[in-house]
Amino acid sequence: MTLPWKLLLLLSIIDRLTDCLDSASYHGPRWRMEPADLFIPIDSIEEEATLTCDAKGTPPPQYRWSLNGTFINLGLDRRRRLSGGNLIIGNLDRYQDVGMYQCMAYNTVGAILSRRARLQFACKLIKMFGVFTQNCIKALV
Ligand SMILES: *[C@@H]1O[C@H](CO)[C@@H](O)[C@H](O)[C@H]1NC(C)=O
């Protein structure tokens with residue numbers, strides 16, 4: 001049996017239309033939330049810091065973080081982990097954790113880089129022997 005040519009034409013148009021709609025439903029990542037600078041008081045009781053990162057996209061984006069331009073390998077990391085796109089740093093270390101963080105969100109369509117966010121420990125001014133000094137050492141506080 002042969003289909004009338006009009007029907008064939010219609011079917012091929014529908015076919016192309018659905019192809020077109022399929023590819024249109026994929027979107028590269030776009031920011032919902034980018035990381036912000038974090039200043040952590042040196043005498044903070046917080047043990048964890050969270051750098052936020054959230055993007056929308058189809059398929060749902062995945063995330064990677066860098067510190068001072070070097071990618072963080074979270075697979076081998078016991079202090080740092082991902083929660084969604086957020087980077088959670090546990091057991092904060094004043095020497096290892098300071099610097100510029102950047103988040104990358106990516107999916108099969110594309111990748112975007114966030115703004116850079118600084119993580120810094122804020123020192124306290126203390127008076128010692130009559131002079132003000134910066135106290136940046138947690139153990140002394
Ligand atoms: C990142 O860069 C800052 C500024 O140069 C530096 O103070 C910090 O120690 C660096 N952090 C790491 C983990 O290398």
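Structure: see above.
Rules and cut-offs
Residues numbered from 1 in each chain as written. Predicted model: local features only at pLDDT ≥ 70, side-chain atom pairs only at ≥ 80, totals over all residues. Near = placed C-beta within 6 Å. Nonpolar A, V, L, I, M, F, W, Y, C, P; charged D, E, K, R; others polar. Pairing = 2+ DSSP bridges. Helix = DSSP H or I, 4+ residues; strand = E, 2+ residues; numbered from the N terminus. Axes fitted to C-alpha atoms, helices over the stretch in contact; angles between N-to-C directions. Core = buried A, V, L, I, M, F, W, Y, C linked by C-beta atoms within 7 Å. Buried ≥ 20, exposed ≤ 12 C-beta atoms within 10 Å, placed from the backbone. Contact = placed C-beta atoms within 7 Å.

**Some thoughts on the site of the ligand**
Consideration 1: Around the ligand sit Leu 67, Asn 68, Gln 96, Val 98 and Gly 99, and that is every residue in its neighbourhood.
Consideration 2: Looking at side-chain class alone, the shell around the ligand contains 2 nonpolar, 3 polar and no charged residues.

**Description of the sheet that holds strand β8 (residues 86-89)**
Consideration 1: Spatial strand order, β3-β8-β7: 3 strands in an open sheet with antiparallel pairing. Looking at strand neighbours, the two that pair on one side only are β3 (49-51) and β7 (80-83), the edges of this open sheet. Taken pair by pair, the neighbouring strands of this sheet meet at an average axis angle of 25°, ignoring direction.
Consideration 2: Inspection of the sheet shows β7 paired to β8 by 4 bridges, in the antiparallel sense. Across the sheet, residue Arg 81 finds its bridge partner in β8, namely Ile 88.

**Here's the deal with the nonpolar core**
Consideration 1: Judged by nonpolar contacts, Leu 51, Cys 53, Ala 55, Tyr 63, Trp 65, Leu 87, Ile 89, Tyr 101, Cys 103, Ala 105 and Leu 119 together constitute the single largest core of 11 residues.
Consideration 2: Put simply, the parts of the chain that give this core at least two residues each are β5 (62-67), β8 and β9 (99-106).
Consideration 3: The element best represented in this core is β9, accounting for 3 residues.

**Describing the environment of Arg 116**
Consideration 1: When you line up the elements, Arg 116 lands in the loop between β10 (111-113) and β11 (117-122).
Consideration 2: We classify Arg 116 as partly exposed; it has 16 C-beta atoms within 10 Å.
Consideration 3: Between the C-alpha atoms of Arg 116 and Leu 67, which are 49 residues apart in sequence, the distance is 9.4 Å.
Consideration 4: Excluding residues that lie within four positions of it along the chain, Arg 116 makes contacts with Met 100, Tyr 101 and Gln 102.

**As for the environment of Gly 57**
Consideration 1: Mapping Gly 57 onto the fold places it in strand β4 (residues 54-58).
Consideration 2: The residues contacting Gly 57, other than those within four sequence positions of it, are His 27, Gly 28, Pro 29, Arg 30, Asn 107 and Val 109.

**Some remarks on unusual backbone geometry**
Consideration 1: Cis geometry marks the peptide bond from Thr 58 to Pro 59, where omega comes out at -5°.
Consideration 2: Within the element layout of this structure, Pro 59 appears in the loop between β4 and β5.
Consideration 3: With a phi angle near 55°, Asn 91 is a residue other than glycine that sits in the positive phi range.
Consideration 4: With respect to the secondary-structure elements, Asn 91 resides in the loop between β8 and β9.
Consideration 5: Judged by the 11 C-beta atoms lying within 10 Å of it, Asn 91 is exposed.

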